[in-house]
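Fold and contact review
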Amino acid sequence: MELKTLVQGKDELDVDEVNEFIESCSDTRLVLVHCSVRDEKTSERYFKELINEVDTPFLGVKVDGTATQEGFVQDAFVYGVLSGDFEVEVFTEEINYDNLDETAENIAGRLQGWELCITYSANYLTDCMKLDYILRRVQEKNPKTQIAGGVSAPKPIVTTKQGISEEAIVYALIKGIETEFYMDSGFQLDENSDLEFQITKADELHIYEINNKPAVDEYCRIQHIRPYMLNKIMALTKKQNAMDMLKKILDINEVLYEACLRTGTLLLGAETRDKLVEPLFVFEVNKNNTQKSHIIIQTYKPKGTILKRGNTTKNKQLKVYDRLRKKHKKPKALIINSCVIRELWMNFDFKALEEKTKKILCPFMTSFLYGEYGTQIPYKRRETNLLNGGTIKALVFK
């Protein structure tokens, strides 16, 4: 298997160049298209050009930015061409939010007998727990199929040759490639803090109680913020320029930036089954008289989960790439899906990111998405999340 990449800035978009690049790669089977162009009309118009003019099967997704051997880019299209002697089939499945089990069944039935599933989803952050619900059931029925992918940046869209979708999961099923899966996190639990909180009532889509108290009240008390204000701040994550806005806030006032940053993240973290620390991301709190009070987070945290104070730094976030290089010394290629929230603790210092990633000696793509998914196989427990936040998940081609 070979991976070759092409980068086109927003003002350099040229479908003829894309076709020439694809044709220059022998035995091309699949193209991954990662778009970080901020202007919605430009990105969607160009995706339509690719659909009409590119014959090779492809998966397209909105991302916040991508690093390759050429460096880190935003406001660009990046193409990863996968070539070699392997089989590929591409599918689109619309997400039925009224029947998550049906969506899971439709996807799971197609994965049987396939070794690898590269996949992207179009959904807002408040629906990530529903996506995780689907993926865990798909993986449970196909415990030996490696699933790897991520959630589209806003405005969420995914594409294949069949068209553009705003509420769908697109995926490429592959046979004949040898891969390994790698997951890491630059977060730690604060060993100097004796504060501890426990989820005492939850289902797969909501948290109802923390420390046997209503979750909304307890979480907002911990964060020192009113529910209304938390929802207003977290609503910014739905905006396409959310990361750009935070960068401007950082330039204007570091204290205000820290306040926004810590409202929904970092203060609390939990250890995953892989012994990695994942920060708790709360995207919405719901407290009214018509339904039960609850909070919505990014990934499933079952009853009994222990939450503690967490911490990280820019250097800790960057060191995940060093550990990846040391563990996998001679891969053929890497596709690295990285949580966009990690940008915040890099202080948007992508020069430092480039310095780390240019030490990777094989072709690679590392893109920042709004959730990254995949887990070690064979999959053994439905409680093991496929979707996580604040981590990197790498598909290592051997």
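All of the points below concern the structure found in this document. (Residues numbered from 1 in each chain as written. Predicted model: local features only at pLDDT ≥ 70, side-chain atom pairs only at ≥ 80, totals over all residues. Heavy atoms only, no water.)

1. Comments concerning the pattern of salt bridges
Throughout the structure, instances matching the rule amount to 22 salt bridges. Two residues, Glu166 and Lys155, come together in a salt bridge whose shortest N-O distance is 3.2 Å. Of this pair, Glu166 sits in the loop between β11 (163–165) and β12 (168–175) while Lys155 sits in the loop between β9 (146–151) and β10 (158–160); the two residues are 11 residues apart in sequence, bridging distant segments of the chain. When its relative accessible area of 21% is taken as the criterion, Lys155 is described as partly exposed. For Lys358, the salt bridge identified is with Glu355, shortest N-O distance 3.2 Å. Assessed through its relative accessible area of 55%, Lys358 is described here as exposed. On the basis of relative accessibility, which here comes to 44%, the residue Glu355 falls in the partly exposed class. The structure contains a network of salt bridges with shared partners spanning Asp101, Asp132, Arg136, Arg137 and Glu204. (Salt bridge = Lys/Arg side-chain N within 4 Å of Asp/Glu carboxyl O. Helix = DSSP H or I, 4+ residues; strand = E, 2+ residues; numbered from the N terminus. Buried < 20%, exposed > 50% of the residue type's maximum accessible area, 1.4 Å probe, protein only.)

2. A word on the packing of aromatic side chains
As enumerated under the stated definition, the model contains 9 aromatic pairs in all. Taken together, a centroid distance of 5.9 Å and an interplanar angle of 70° make the contact between Phe350 and Phe368 edge-to-face. In this pair, Phe350 is assigned in helix α11 (residues 350–357) and Phe368 in strand β24 (residues 364–369), connecting sequence segments 18 residues apart. In this structure, Phe350 and Phe368 share a single accessibility class: buried. It is Arg137 that lies over the ring of Tyr133; its NZ or CZ is 3.4 Å from the centre. Lying across the ring of Trp114, Lys175 places its NZ or CZ 4.8 Å from the centre. (Phe/Tyr/Trp six-rings, centres within 6.5 Å; stacked < 30°, edge-to-face > 60°. Lys NZ or Arg CZ within 6 Å of the ring centre and 35° of its normal.)

3. Points about the sheet that holds strand β13 (residues 179–185)
What the 6 strands build is an open sheet, ordered β5-β4-β24-β23-β27-β13; its pairing is mixed. Edge positions in the open sheet fall to β5 (71–73) and β13, since each of these has one partner strand only. Across the sheet, the mean angle separating the axes of adjacent strands is 15° when strand polarity is ignored. Examined bridge by bridge, strand β4 (residues 65–68) and β5 share 3 bridges and lie antiparallel to one another. Opposite Thr66, over in β5, you have Val73 as the bridge partner. (Pairing = 2+ DSSP bridges. Axes fitted to C-alpha atoms, helices over the stretch in contact; angles between N-to-C directions.)

4. Some details on a negative patch on the surface
Residues Asp11, Glu12, Asp14, Asp16, Glu17, Glu20, Glu23, Glu49, Glu53 and Asp55 make up a contiguous surface patch of negative charge. Elements supplying a minimum of two residues to the negative patch: α1 (15–24) and α2 (40–53). Examining the composition of the negative patch, we find that 4 residues originate from one element, α1, more than from any other. Note on placement: Asp55 falls in the loop between α2 and β3 (58–62). The exposure class assigned to Asp55 is exposed, which follows from its relative accessible area of 68%. (Patch = residues over 30% accessible without salt bridge, like charges linked within 9 Å, V, L, I, M, F, W, Y side chains within 5 Å. Areas by Shrake-Rupley, 256 points an atom, 1.4 Å probe, with all protein chains shown as cover. Lys, Arg positive; Asp, Glu negative; His and termini not counted. Charge placed at Lys NZ, Arg CZ, Asp CG, Glu CD.)

5. Quick look at the packing of helix α9 (residues 314–327) against α11
Direction vectors running N to C along α9 and α11 enclose 5°, while the axes themselves pass 9 Å from each other. Judged by the inter-axis angle, α9 sits roughly parallel to α11. Here α9 contributes Leu318, Tyr321, Asp322 and Arg325 to the contact with α11, which in turn contributes Ala352, Leu353, Lys356 and Thr357. Residue composition of the contact of α9 with α11, by class: 4 nonpolar, 1 polar and 3 charged. (Parallel < 35°, antiparallel > 145°, perpendicular 65-115°, else oblique. Contact = heavy atoms within 4.5 Å. Nonpolar A, V, L, I, M, F, W, Y, C, P; charged D, E, K, R; others polar.)

6. Some words on the layout of surface pockets
Looking at the largest pocket, its volume works out to about 370 Å³. If you trace the largest pocket, you find 22 residues lining it, with Glu271, Thr272, Arg273, Lys301 and Thr305 closest to the centre. Looking at the lining of the largest pocket, the elements that each hand over two or more residues are β18 (268–271) and β22 (306–311). Split into classes, the residues belonging to the lining of the largest pocket amount to 6 nonpolar, 8 polar and 8 charged. Quantified by volume, the second largest pocket comes out at close to 150 Å³. As for the second largest pocket, its lining consists of Arg273, Asp274, Thr375, Gln376, Pro378, Tyr379, Lys380, Arg381 and Thr384. (1 Å grid on protein atoms, 1.4 Å probe; cavity = no way out; pocket = protein on both sides within 12 Å on 5 of 7 lines; lining within 4 Å. Points joined across faces, edges and corners; volume = space filled by probe spheres on them.)

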